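Close look at the chain arrangement
Chain residues, written in single-letter form:
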Amino acid sequence: TERSLVLVKPDGFKRGLSGEVLRRVEAKGYTLVALSIFVPDQDRLALHYAEHEGKPFYEPLVDFMSSGPVTAAVIEGERCIEGFRALAGATDPTAALPGTIRGDLGRDWGLKVQQNIVHGSDSPESAKREIEIWFPGLA
Ligand code: GTP
Ligand code: MG
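Residues numbered from 1 in each chain as written. Chains lettered and ligands numbered in written order. Predicted model: local features only at pLDDT ≥ 70, side-chain atom pairs only at ≥ 80, totals over all residues.

Structural notes on the site of ligand 1
The line we're drawing: What makes a residue near a molecule or strand is its C-beta atom, placed from the backbone, lying within 6 Å of it. Here the term charged refers only to Asp, Glu, Lys and Arg, the term nonpolar to Ala, Val, Leu, Ile, Met, Phe, Trp, Tyr, Cys and Pro, and the term polar to all other amino acids, Gly among them.
In the vicinity of ligand 1, the contacting residues are Phe57, Leu61, Thr91, Lys112, Val113, Gln114, Asn116, His119, Gly120 and Asp122. Taken together, the residues that form the shell around ligand 1 break down as three nonpolar, five polar and two charged.

Some points on the UniProt feature "active site" (unreviewed entry) in the protein
Keep this limit in mind: UniProt positions are given in the numbering used here, feature names are shortened, and annotations may be inferred rather than shown by experiment. In this text, helices come from DSSP runs of H or I with a minimum length of four residues, and strands from runs of E with a minimum of two, each type numbered from the N-terminal end. Our contact criterion uses C-beta atoms placed from the backbone: two residues qualify when those atoms are within 7 Å.
Under the feature "active site" (unreviewed entry), the UniProt entry names His119. Tracing the backbone shows His119 in strand β4 (residues 118–120). Sequence-distant contacts of His119, that is, excluding residues within four places in its chain, are made with Val6, Leu7 and Lys9.

Examining the UniProt feature "binding site: ATP" (unreviewed entry) in the protein
In this structure's numbering, the residues bearing the UniProt feature "binding site: ATP" (unreviewed entry) are Lys9, Phe57, Arg85, Thr91, Arg102 and Asn116. Positionally, Arg85 belongs in helix α5 (residues 80–88). For Arg85, the contacting residues outside a window of four places in its chain are Gly120 and Asp122. Secondary-structure assignment places Arg102 in helix α6 (residues 101–105). Beyond its immediate stretch of four places on either side in the chain, Arg102 contacts Ala88, Gly89, Ala90, Pro93, Ala96, Asn116 and Ile117.

Looking at the sheet that holds strand β1 (residues 2–8)
Hydrogen bonds along the backbone pair up the strands of a sheet, which may run parallel or antiparallel. Basically, it comes down to this: Pairing between strands requires that DSSP locate at least two bridges from one strand to the other. Only C-alpha atoms enter the line fits that serve as axes; for helices the fit covers just the stretch in contact. Angles between N-to-C directions range over 0 to 180 degrees.
Taken in spatial order, the four strands of this open sheet run β2-β3-β1-β4, and their pairing is antiparallel. With one partner strand each, in any of the chains shown, β2 (31–38) and β4 form the two edges of the open sheet. Taken over all neighbouring pairs, the strand axes of this sheet differ in orientation by 15° on average, direction set aside. Note that β1 and strand β3 (residues 70–77) share seven bridges and pair antiparallel.

Here's the deal with the environment of Gly12
Along the polypeptide, Gly12 turns up in helix α1 (residues 10–14). Expressed as a C-alpha distance, the spacing of Gly12 and Val118, which sit 106 residues apart in the sequence, is 7.1 Å. Aside from chain neighbours lying at most four places away, what touches Gly12 is Leu17, Ser18, Val21, Ile117 and Val118.

Thoughts on unusual backbone geometry
Our working rule: Residues are called buried when their C-beta atom has 20 or more other C-beta atoms within 10 Å, exposed when it has 12 or fewer, and partly exposed otherwise; all C-beta atoms are positioned from the backbone.
Its identity as a non-glycine residue notwithstanding, Arg79 has a phi of 55°, on the positive side. Along the polypeptide, Arg79 turns up in the loop between β3 and α5. Assessed through the 12 C-beta atoms surrounding it within 10 Å, Arg79 is described here as exposed. Residue Ile117 is not a glycine yet carries a positive backbone phi of 75°. Following the sequence through the fold, Ile117 ends up in the loop between α6 and β4.

Structure representation (structure tokens):
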């Protein structure tokens with residue numbers, strides 16, 4: 001079975017959507033195996049977003065992600081990495097299909113970074129890497 005890292009980003013946390021996101025995860029049939037709420041520091045975010053370093057949205061992204069609490073979760077279930085990406089919807093919340101978390105609950109706010117409510121790992125390799133960053137020792 002597979003594990004994935006899910007984050008309710010500061011926009012989602014601030015809007016009180018942590019429960020709604022976790023509800024959808026559990027309704028889909030995935031299990032919560034770890035859960036934590038805290039303000040991520042820049043060092044952790046630099047590790048998490050290493051692949052985006054140098055891109056124009058990198059600094060606004062790290063600033064945004066460290067602007068308030070996030071709800072971090074590790075979820076478990078067969079093909080939950082792909083499954084949560086499907087629940088989340090497309091990166092751009094304006095284009096994300098209705099029925100998805102971003103499509104139902106998100107939109108563009110005219111800011112420098114896409115505030116799109118959630119993060120989900122995109123491959124088994126990134127899930128392992130990200131779980132080690134957010135929940136050391138768990139993967
Ligand atoms: P995550 O689940 O958050 O990783 O989203 P993703 O996998 O759909 O997107 P990706 O990993 O490519 O980018 C990480 C985050 O950077 C996104 O969720 C957005 O918040 C932001 N981002 C990515 N691409 C762009 C972009 O082209 N413009 C802006 N403004 N923000 C972006
Ligand atoms: Mg990503």
